[in-house]
Amino acid sequence: MRPNLPIVISIALPALLAQPVLFENAGTARDPALTADGRSVAFVSDRGGSGFEHIWIRQLSGGGLRQLTTGNHNSREPAFSPDGRTLAYVSDEAGGGIYLIPAAGGKPRLFAQGGHRPRFSPDGRIAYWVADDAGARLFVAGVTGKKKSPLHADFHSARDPVWSPDGKRLLFAGCRTPSAESCDWWVSEAGGEPVAIGAARIFRERHMDGPPSPGLWLSGGNTIVFTAKIGENTRLWTLRMASDPWRVEGGARRLTSIEQDERAPAAGPGGRLLYTSRTQNIDIWSLPLDANHATPRGPLKRLTDDPSIDQRPSLSRDGKRIAWETSRGGNFEVWVKDLVSGRERGITSGPLREHMPAISPDGSKLVYDAHDGEKVTIFESSFEGGDPVRIREDNVGQGSFQWTGQGGTVLYFHREPPGTVGLMDLASGKRTVLLRHSKFNLSIADARLSPDGRWIAFPVPVASHRSRLAVARVSPSAAADEQDWIYAAPEAINASQPDWSPNGEWLYFLSARKGGLAVSAVRLSPEKKPEGEPRVILEFPNANLTIAEMRPRDIGLTVAHDKLALAVANYGWAIWSVQP
C-alpha cells in the first residue's frame, strides 16, 4: 500500500554556489534546509525505495548525495545546527518526535517526544512546539534536552516559532484563549510578556486560510516569510515588522510571481531562499478487500489516471462498476467506468456543475445533482448513458445520495435548517425524514443506510472539525431520537464518511490518526454495538500519496464486496531558490 511513483525532481541551487541544476530521479524532494555556510543542503525524499521518506544531504561544492536517516518510519522537517554538525528532524518513530543526529552520520537520539518543527537559534538552542489536548505548547531547550518547560504556558495555543536573526527574540503563532479573536502572531523577548503584532488583521483582510504561521525571520531587517492559502492555492508571502512596539508595517506581499503551490521556506546564503513547490493530481484508487471480514487483499491500485480532479466515487455492490465526478473539460461532470472491461465515459456534459453521483446496488442506474447557481436539480440516469430523468428541483445538499436495496428510493440530505436526512421515492419525489437535529444541521449529511435498510450510520459533531461515528435504527414512522443513537467508535477517534460492508457486520469510515486520515473499520453486533476496537484498513504514510489535506466528502469512501474506493491526492515536489 505504499506505491513508488516516478516523480521529476528539480533543485535550483543558490547562484553564488552554482548555476541552477536539474535533478531527475524517482522520489520526492521537499523540506529544504541549508547549513549556515551554504555548503550543504538537507531535504526529504523517498528515493531510497523503501516506501518511507528520509533525510538526504547533498554537498553543493561537487560532493555526492547520501541518505542520513533510515528505518521503517518517515522523517521530515530537517534543521541544521549553527555549526552544521548536527541535524534536528521530526520522525514518526516510537510515536513521533524530534530527533538529533550527527550531520556526518551516526545514531539518532530522541530530543523531544511529540515535538514539531525544530528551529536552531544562532547560539544553538532549539525552539519547537508540542500538541496536547488543550492546544499546543511552545518550548526552548539546549541540545541536551534538559530543563524543558513550556514558554508562555498561559497561552491556549503557541506553535511554529522562528528566531530573530540575532537569536534574542522569538516570533510565534498563538492564541491566548480558545477564541479565534485571541489569535495573532506574537514577539517574545527573553521570555518576557509577548506582544501581538497585528498580523491576524492582515490575514483576515486578504482572506487567508489558517491562520498562517511564520516561516522565516530574515536577516538584515524585520521581514517575515510565510506561506498562506487563499482559495485552493498556497503561496509564499512576506510581512514587514516595525519595533518598539512590535507591529506589522504595511500589508502582505507575494514573494514570487509564478503560479505554483509553494511551502516550506528555508534561508540560504547571500539572502536567497529555498522553498518547496508542489503539484497535485487527484485520482480514484481502490484497495482489494474482503469487505465482509475487513481484510485487505493487496496493494492500493489506481482506477483513474487523468490530470483533472477525479473524486467522490460510488461503487456498485459487486465492485464491477463505479461512478465519480471529474473536472475533465473544465467543469465538474459525472463519469462512469466498467471495471471489468475498463471502458469509461462521461454521463453528463454542459455548463452546469453535475456531481455527487450515487450508483445503484446492481450498477444499472445512478442519481446525481446539478447546480445552476441558485437551485439544485436531481437527475436519474442509466449507467449506459442516454437522456437523464429529472427527479426534483430542491434545496438538497451535496454528498448524501445513496440507493436503498429496493432500488426505487435514495437516501438524501436536505439543506434547509434544520438539516434532515431521509428517503426520497424516485417515482413520486415523496420524502420521509429519518434523521433530524436542530443543532447539528449539516453534520449529518454523510449518512449511509445498512444493506438491509434497518440501520443508518452517520457522523455526529463533538467539537470543531471533529465528529464521532453513530448508528441509529431506521423508523418508518418517526425520525431517530438522539437518545437512541449508538456510538460505534470511541470519542477520541475523529470519524467521517461511513460505509457498510455488504453483510452489514462492519462499518468502514475515515479516521484521523497522527494528524492525517486513514481508513478504519469497526465490527458491529446484530444490535450494532461495537465489538472491539476499530481496525486500521488503509494508511497513507508518505506525503506524495495521501488523503491528509483533502476534505472527507471529496474523498468519498465507498465499499463493495471485493474492494473499497476513494479519491487520493498524488503529489510531486520540487525545491527552488528565489531572491526576495
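Caption draft 1: The arrangement of the overall build of the protein in detail. The helix and strand inventory of the protein stands at 2 helices and 49 strands. Here the C-alpha atoms of the protein give a radius of gyration of 26 Å, agreeing with the 25 Å that 2.2 N^0.38 yields for 580 residues. Principal-axis analysis of the C-alpha atoms places the extent of the protein at approximately 75 × 50 × 45 Å. Residues counted as buried form 56% of the 580 residues belonging to the protein. Partitioning the intrachain contacts of the protein with sequence separation of at least 6 by distance along the chain shows that 43% fall at a separation of at least 24. When the accessible surface of the protein is totalled, it reaches about 24600 Å², and 49% of it is carbon and sulfur. Averaged over its 68 positive side-chain charges, the protein has a centre that lies 5 Å from the centre of its 64 negative ones.

Caption draft 2: Examining the packing of aromatic side chains more closely. Under the counting rule described, the total for this entry stands at 12 aromatic pairs. Seen from their ring centres, phenylalanine 155 and tryptophan 186 are 4.9 Å apart, and the 85 degrees between their planes marks the pair as edge-to-face. Taken as a pair, phenylalanine 155 in the loop between strand 14 (150-151) and strand 15 (157-163) and tryptophan 186 in strand 17 (residues 183-189) lie far apart in primary sequence, 31 residues in all. Ring centres 5.7 Å apart and planes at 20 degrees place the aromatic pair tyrosine 368 and phenylalanine 379 in the stacked group. With tyrosine 368 in strand 32 (residues 365-371) and phenylalanine 379 in strand 33 (residues 376-382), the pair connects residues that are 11 residues apart, well separated along the chain.

Caption draft 3: Looking closely at the sheet that holds strand 42 (residues 486-487). Within the open sheet, the 4 strands sit side by side as 39-40-41-42. Their pairing is antiparallel. Edge positions in the sheet fall to strand 39 (448-449) and strand 42, since each of these pairs with one other strand and no more. As defined by bridge partners, strand 39 adjoins strand 40 (residues 455-463) across 2 bridges and the pair is classed as antiparallel. Bridge assignment links arginine 448 to a residue of strand 40, and that residue is alanine 457.

Caption draft 4: Summary view of the sheet that holds strand 21 (residues 233-242). Taken together, the 4 strands give an open sheet; going across it, the order is 19-20-21-22, and neighbouring strands pair in antiparallel fashion. Both outer strands of the open sheet, strand 19 (214-217) and strand 22 (247-254), are each paired with one neighbouring strand and no more. Across the sheet, the mean angle from the axis of one strand to that of its neighbour is 30 degrees, orientation sign disregarded.

Caption draft 5: Up close: the pattern of salt bridges. Overall, the coordinates contain 37 salt bridges when judged by the stated rule. Arginine 169 serves as the salt-bridge partner of aspartate 166, at 3.4 Å between the closest nitrogen and oxygen. Residue classification places aspartate 166 among the partly exposed residues on the basis of a relative accessible area of 42%. With a closest N to O distance of 3.4 Å, aspartate 290 and arginine 297 form a salt bridge. On the basis of relative accessibility, which here comes to 58%, the residue arginine 297 falls in the exposed class. Salt bridges sharing partners connect three or more residues here, namely Asp306, Asp310, Arg328, Lys337 and Glu344.

Caption draft 6: A look at the environment of lysine 439. Here lysine 439 is to be found in the loop between strand 38 (431-436) and strand 39. Judged by relative accessible area, which is 62%, lysine 439 ranks as exposed. When the C-alpha atoms of lysine 439 and glycine 419 are compared, they prove to be 8.8 Å apart, with 20 residues separating the residues in sequence.

Caption draft 7: Structural view of the environment of proline 161. Checked against the element boundaries, proline 161 lands in strand 15. In this structure proline 161 touches Arg117, Arg119, Ala127, Tyr128, Trp129, Leu138, Leu170, Leu171 and Phe172, once residues within four positions along its chain are discounted.

Caption draft 8: Focus on the nonpolar core. Tyr508, Val519, Ile537, Leu538, Ile547, Leu564 and Leu566 are the most contacted members of the largest nonpolar core, which totals 38 residues. Elements supplying a minimum of two residues to this core: strand 24 (273-290), strand 28 (321-326), strand 44 (506-513), strand 45 (516-523), strand 46 (535-538) and strand 49 (563-578). Among the elements that line this core, the one with the most residues is strand 49, at 8 residues. Contacts of valine 519, omitting those with residues within four sequence positions, involve Phe509, Leu510, Arg535, Val536, Ile537, Leu538, Leu557, Leu564 and Leu566. With 20 residues, the next largest nonpolar core counts Ala173, Met208, Trp246 and Ala252 among its residues.

Caption draft 9: Structural context of the confidence of the model for the protein. When pLDDT is averaged across the protein, the result is 86; 91% of the residues are at 70 or more. In this model residues 1-26 is a low-confidence stretch, pLDDT under 50, and it forms 75 contacts with partners more than four residues away in sequence or in other chains.

Caption draft 10: Quick peek at the pairing of strand 19. Two elements, strand 19 and strand 20 (residues 223-230), share 3 bridges in a ladder whose sense is antiparallel. Looking across to strand 20, one finds that leucine 216 is bridged to valine 225.

Caption draft 11: Focus on unusual backbone geometry. Residue aspartate 244 is joined to proline 245 through a cis peptide bond whose omega torsion reads 0 degrees. Position of proline 245 relative to the elements: it lies in the loop between strand 21 and strand 22. You will see that glutamate 77, though not glycine, has its phi angle at about 55 degrees, which is positive. Residue placement: glutamate 77 occurs in strand 7 (residues 75-80).

Caption draft 12: Local environment of the side chain of aspartate 160. Along the polypeptide, aspartate 160 turns up in strand 15. A polar contact is formed between the side chain of aspartate 160 and the side chain of serine 213, at a distance of 2.6 Å. The residues touching aspartate 160, leaving out its near neighbours within four places in the chain, are Arg117, Trp129, Leu171, Phe172, Ala173, Ser213 and Pro214.

Caption draft 13: Just the pairing of strand 49, in detail. With respect to burial, strand 49 is a largely interior element, 15 of its 16 residues being buried. The pairing of strand 24 with strand 49 spans 16 bridges and is antiparallel. Residue leucine 273 lies in a different strand from strand 49, and its bridge partner there is valine 578. Across 2 bridges, strand 47 (residues 545-546) lies against strand 49 in antiparallel orientation.

Parameters at a glance
- Residues numbered from 1 in each chain as written.
- Predicted model: local features only at pLDDT ≥ 70, side-chain atom pairs only at ≥ 80, totals over all residues.
- Heavy atoms only, no water.
- Helix = DSSP H or I, 4+ residues; strand = E, 2+ residues; numbered from the N terminus.
- Rg over C-alpha atoms; globule rule 2.2 N^0.38 Å.
- Buried < 20%, exposed > 50% of the residue type's maximum accessible area, 1.4 Å probe, protein only.
- Contact = heavy atoms within 4.5 Å.
- Areas by Shrake-Rupley, 256 points an atom, 1.4 Å probe, with all protein chains shown as cover.
- Lys, Arg positive; Asp, Glu negative; His and termini not counted.
- Charge placed at Lys NZ, Arg CZ, Asp CG, Glu CD.
- Phe/Tyr/Trp six-rings, centres within 6.5 Å; stacked < 30°, edge-to-face > 60°.
- Pairing = 2+ DSSP bridges.
- Axes fitted to C-alpha atoms, helices over the stretch in contact; angles between N-to-C directions.
- Salt bridge = Lys/Arg side-chain N within 4 Å of Asp/Glu carboxyl O.
- Core = buried A, V, L, I, M, F, W, Y, C linked by side-chain atoms within 4.5 Å.
- pLDDT = per-residue confidence, 0-100.
- Polar contact = N/O pair within 3.5 Å; in protein donor to acceptor, adjacent residues only side chain to side chain.

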